[in-house]
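Commentary on secondary and tertiary structure
The chain contents come next:
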Amino acid sequence: MAEKKRVRIGFVGAGSMGQCAHLKNYAALPECEVVALAEFRPKLARAVAARYNIPRVYPDHEALLTEEKLDGIVASQMFTLHGVLTPKLLKAGVPVFTEKPLSGCIEAGQKILEALDRSGTWLMVGYHKRSDPATMYAKAEIDRLRESGELG
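The rules behind these values
- Residues numbered from 1 in each chain as written.
- Predicted model: local features only at pLDDT ≥ 70, side-chain atom pairs only at ≥ 80, totals over all residues.
- Heavy atoms only, no water.
- Helix = DSSP H or I, 4+ residues; strand = E, 2+ residues; numbered from the N terminus.
- Buried < 20%, exposed > 50% of the residue type's maximum accessible area, 1.4 Å probe, protein only.
- Phe/Tyr/Trp six-rings, centres within 6.5 Å; stacked < 30°, edge-to-face > 60°.
- Salt bridge = Lys/Arg side-chain N within 4 Å of Asp/Glu carboxyl O.
- Pairing = 2+ DSSP bridges.
- Axes fitted to C-alpha atoms, helices over the stretch in contact; angles between N-to-C directions.
- Expected span 1.5 Å × (residues − 1).
- Bend = angle between axes of the 7 residues up to and from the residue.
- Right-handed = clockwise from strand over helix to strand, strands pointing away.

1. Some thoughts on the overall build of the chain
- Across its full length, the chain carries 6 helices and 6 strands.
- Along the chain, helices and strands appear, N-terminal first, in the series β-α-β-α-β-α-β-α-β-α-β-α.
- Across its three principal axes, the chain shows a C-alpha extent of roughly 55 × 45 × 40 Å.
- Each of the 152 residues in the chain was classed as buried or not, and the buried ones make up 38%.

Laid out in structure tokens, this is it:
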């Protein structure tokens with residue numbers, strides 16, 4: 001039986017959300033291979049690459065896109081940068097995943113959507129519910145039920 005091809009992921013940004021909410025999860029998936037990281041802070045880039053066994057580090061997204069053949073890009077940075085960065089990433093023609101909100105203003109959102117239309121690929125916007133009051137209540141209730149033994 002032929003081995004399945006792993007999805008080649010490039011990360012743009014290695015801040016706290018990039019690491020805690022995304023990178024550690026992608027790095028743990030056997031179907032994914034995080035092949036490159038673009039991070040403008042060299043010390044942080046080296047430390048994150050070493051921690052998650054990322055073979056190549058680039059100082060910016062442009063160098064990453066020039067050198068790597070990727071199946072997808074995860075771009076985790078402040079949403080105020082999405083209007084500038086996301087259209088540039090979409091030019092690579094591979095799916096891009098970023099965090100919510102999509103943009104900080106209507107004009108930036110329009111630029112992103114126009115770039116998406118031209119790209120021939122798709123854009124995913126992550127939305128977590130961990131701060132939602134209903135989610136917090138449900139988690140607390142599940143934890144209580146487990147601790148009491150009512151729930152296996």
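Now that the structure has been shown, we can carry on.
2. Some details on the packing of aromatic side chains
- Counted according to the given criterion, the structure contains 1 aromatic pair.
- Aromatic side chains Phe11 and Tyr26 sit 5.7 Å apart centroid to centroid with 80° between the ring planes, which places their arrangement in the edge-to-face category. Of this pair, Phe11 sits in strand S1 (residues 7–12) while Tyr26 sits in helix H1 (residues 16–28), and the two are 15 residues apart along the sequence. As far as the burial class goes, Phe11 and Tyr26 line up, both buried.

3. Quick word on the pattern of salt bridges
- One pass over the structure, following the stated rule, counts 7 salt bridges.
- Between Arg41 and Glu39 there is a salt bridge, and its shortest N-O distance comes to 2.6 Å.
- Overall, the relative accessible area of 37% leaves Arg41 in the partly exposed class.
- The shortest N-O distance in the salt bridge between Asp143 and Lys139 comes to 2.8 Å. Of the two residues, Asp143 and Lys139 both sit in helix H6 (residues 133–148), 4 residues apart, roughly one turn of that helix.

4. Re the sheet that holds S1
- If you walk across this open sheet you meet the 6 strands as S3-S2-S1-S4-S5-S6, and the pairing is parallel. Either end of the sheet is taken by a strand with one partner, and the two such strands are strand S3 (56–58) and strand S6 (123–126). Between one strand and the next, the sheet's axes are offset by a mean angle of 25°, whatever the strand orientation.
- Where S1 and strand S2 (residues 32–38) come together, 6 bridges link them in parallel fashion.

5. A word on unusual backbone geometry
- A cis amide bond, omega -10°, links Lys100 with the succeeding residue Pro101.
- Mapped onto the fold, Pro101 is located in the loop between strand S5 (96–99) and helix H5 (106–119).

6. Things to note about H6
- An ideal rise of 1.5 Å per residue puts 22 Å on 16 residues; H6 measures up with 22 Å between its terminal C-alpha atoms.
- Where H6 terminates, the next one or two residues include Gly149, which has phi positive at roughly 90°.

7. Overview of H1
- With 13 residues, H1 should cover 18 Å at 1.5 Å per step; its first-to-last C-alpha distance of 17 Å lies within 8% of that length.
- Where H1 bends most, the angle comes to about 40°, and this point is His22.
- Taken together, the buried positions of H1 are Gly18, Gln19, His22, Leu23 and Tyr26.

8. Structural notes on the pairing of S2
- When you tally the buried positions in S2, you get 6 out of 7 residues, the bulk of the element.
- Handedness of the S1-H1-S2 crossover: right-handed.
- Two strands pair when backbone bridges link them, and S2 and S3 are joined in this way by 3 bridges, in the parallel orientation. Of the residues in S3, the one forming a bridge with Leu37 is Val57.
- With respect to chirality, the unit in which S2 leads through helix H2 (residues 42–52) into the neighbouring parallel S3 is right-handed.

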